[in-house]
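Below are the chains, spelled out letter by letter.
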Amino acid sequence: MAEPNFPPLPGFIPLKPCFYQDFEEIPEQHRSMCKKMYHLWMLNSATLAVNLIGCFAWMFGGGGVTNFGLAIIWLLMFTPCSYVCWFRAIYKAFKTDSSFNFMQFFFVFMAQVGISIIQCIGIPGWGVCGWLATISFFSYNILIALIMLVPTIMFTAVASLSFIALTRIHNYYRGSGASMSKAQEEWTTGAWKNPHVQQAAMGAAAGAMQEQHSSPQYNENQM
């Protein structure tokens, strides 16, 4: 098994990486989408960090300490949880073509999309600088409202990109012939966590693609 290399941590921190991540092990036809999902996770994490700054400015302007405290929780909890719960799921799904991991991704990522929409709306008292909170604060302090506008726009981008990503991956999944019954079969047999089965599936898929590209093509003039 490859040595974990993510997250990359400085040497002076007495912690070690927990996961192995290398996009070269993702099949080429899925590599680009997998990288985009990783970039989406990074954007979501950056948005939560910027939201913390926005909520601090909001608190400084009289918005209360509750939003700032919840913003800290959003950042500390959802940054690692989103990586483990939905990015690792889609990473392993693309890597091994596992229906079980696809189902896990869809289940968690739909919740992620819903949370992103709530964050974008910005209900006051939820620890997020969304549209409702930002627009309402323009009547109190324009400068702080402008600071809050930055994470609001970022939340909107995350929600929009998350919905697009969910739609595209779902369309691919349906077109690949996978199904809920296949995911249940993987769960029952334990194939979703067996590295030997995963390796065999990857080899079979690669062999099928190679055979398809190497097979002779005939046109009408040759028939």
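Colleague: Before we go on, may I ask you to explain the packing of aromatic side chains in this structure?
Modeller: Two aromatic rings, taken as a pair, are described by how far apart their centres are and by the angle between their planes. This structure, assessed with the given rule, holds 23 aromatic pairs. Where tryptophan 86 meets phenylalanine 109, the ring centres are 4.8 Å apart and the plane angle is 65°; that geometry is what we call edge-to-face. Taken together, the positions of tryptophan 86 in helix H2 (residues 65-96) and phenylalanine 109 in helix H3 (residues 99-121) put the pair 23 residues apart, joining distant regions of the chain. You can call phenylalanine 109 buried: its relative accessible area is 0%.

Colleague: Looking at this model, I keep getting lost on the packing of H2 against H3. Mind explaining?
Modeller: A pair of packed helices is characterised by two quantities: the angle between their axes and the separation of those axes. It is at 9 Å that the axes of H2 and H3 come closest, and there the two elements cross at 145°. In terms of crossing hand, the pair formed by H2 and H3 is left-handed. When H2 is examined against H3, the residues Trp74, Phe78, Ser82, Cys85, Trp86, Ala89, Ile90, Lys92, Ala93, Phe94 and Thr96 are found in contact with a partner set consisting of Asn101, Phe102, Gln104, Phe105, Val108, Phe109, Gln112, Ile115 and Gln119. Along the lines of polarity and charge, the residues of the contact of H2 with H3 split into 13 nonpolar, 6 polar and 1 charged.

Colleague: I would appreciate a short explanation of the nonpolar core in the present structure.
Modeller: The nonpolar side chains of soluble globular proteins are, as a tendency, buried together. Among the nonpolar cores identified, the biggest contains 26 residues, and Met37, Phe87, Ile90, Phe105, Phe109 and Ile169 are the most heavily contacted of them. Secondary structure elements with two or more residues in this core: helix H1 (28-63), H2, H3 and helix H5 (142-175). Considering every element that reaches this core, the biggest residue donor is H2, with 8 residues. With residues up to four places along the chain from it excluded, the contact list for methionine 37 reads Trp86, Phe87, Ile90, Phe105, Phe109, Ala165 and Ile169. Ranked by size, the runner-up nonpolar core spans 10 residues in total, among them Cys129, Ala133, Ile144 and Met148.

Colleague: Got a minute to help me understand H1 in this structure?
Modeller: Here H1 contains 36 residues, and its C-alpha end-to-end distance of 49 Å stays within 8% of the 52 Å for a straight helix at 1.5 Å per residue. Looking one or two places after H1, you find glycine 64, whose phi comes out positive at around 95°.

Colleague: Before we go on, may I ask you to explain a nonpolar patch on the surface in this structure?
Modeller: A cluster of nonpolar side chains, contributed by Ile117, Ile118, Ile121, Ile123, Trp126 and Leu132, occupies part of the molecular surface with about 490 Å² of accessible area. In terms of residues, the nonpolar patch owes the most to one element, H3, which gives 3 residues. In this structure, isoleucine 118 sits in helix H3.

Colleague: Please explain the pattern of salt bridges as it appears in this structure.
Modeller: Pairing between side chains of opposite charge can happen when their charged atoms approach one another. For the structure shown, the criterion picks out 2 salt bridges. Across the pair arginine 31 and glutamate 24 runs a salt bridge, and its minimum N-O distance is 3.7 Å. Taking the relative accessible area as the measure of exposure, glutamate 24 reaches 55% and is therefore exposed. A salt bridge links lysine 95 to glutamate 25; the nearest nitrogen and oxygen atoms lie 3.4 Å apart. Within this pair, whereas lysine 95 is found in helix H2, its partner glutamate 25 is found in the segment before H1, the two being separated by 70 residues in sequence. Overall, the relative accessible area of 24% leaves lysine 95 in the partly exposed class.

Colleague: In this structure, what is going on with H3? I would like to understand it.
Modeller: The periodicity of an α-helix, 3.6 residues per turn, causes residues three or four positions apart to be oriented the same way. Counted at 1.5 Å a residue, the expected span for H3 with its 23 residues is 33 Å, and the 33 Å between its end C-alpha atoms agrees. Turning to H3, its buried residues number three or more, namely Ser99, Phe100, Asn101, Phe102, Phe105, Phe106, Phe109, Gln112, Val113, Ser116, Gln119 and Cys120. Looking one or two residues past H3, glycine 122 carries a phi angle of roughly 75°, positive in sign.

Colleague: Sorry if this is basic, but what is going on with the environment of leucine 9 here?
Modeller: Its place among the elements puts leucine 9 in the segment before H1. With a relative accessible area of 34%, leucine 9 lands in the partly exposed category. Leaving out residues up to four positions away in the same chain, leucine 9 has contacts with Leu15, Lys16 and Pro17.

Colleague: Would you mind showing me how to read the environment of tyrosine 20 here?
Modeller: By the element assignment, tyrosine 20 lies in the segment before H1. For the pair formed by tyrosine 20 and proline 7, sequence separation is 13 residues and the distance between their alpha carbons is 8.7 Å. Once residues within four sequence positions are removed from consideration, tyrosine 20 is found in contact with Ala2, Glu3, Pro4, Asn5, Glu25, Arg88 and Tyr91. Among the polar contacts listed, one links the side chain of tyrosine 20 to the side chain of aspartate 22, at a separation of 3.4 Å.

Cut-offs used in this document
Residues numbered from 1 in each chain as written. Predicted model: local features only at pLDDT ≥ 70, side-chain atom pairs only at ≥ 80, totals over all residues. Heavy atoms only, no water. Phe/Tyr/Trp six-rings, centres within 6.5 Å; stacked < 30°, edge-to-face > 60°. Helix = DSSP H or I, 4+ residues; strand = E, 2+ residues; numbered from the N terminus. Buried < 20%, exposed > 50% of the residue type's maximum accessible area, 1.4 Å probe, protein only. Axes fitted to C-alpha atoms, helices over the stretch in contact; angles between N-to-C directions. Left-handed = near helix turned anticlockwise from the far one by under 90°. Contact = heavy atoms within 4.5 Å. Nonpolar A, V, L, I, M, F, W, Y, C, P; charged D, E, K, R; others polar. Core = buried A, V, L, I, M, F, W, Y, C linked by side-chain atoms within 4.5 Å. Expected span 1.5 Å × (residues − 1). Patch = residues over 30% accessible without salt bridge, like charges linked within 9 Å, V, L, I, M, F, W, Y side chains within 5 Å. Areas by Shrake-Rupley, 256 points an atom, 1.4 Å probe, with all protein chains shown as cover. Salt bridge = Lys/Arg side-chain N within 4 Å of Asp/Glu carboxyl O. Polar contact = N/O pair within 3.5 Å; in protein donor to acceptor, adjacent residues only side chain to side chain.

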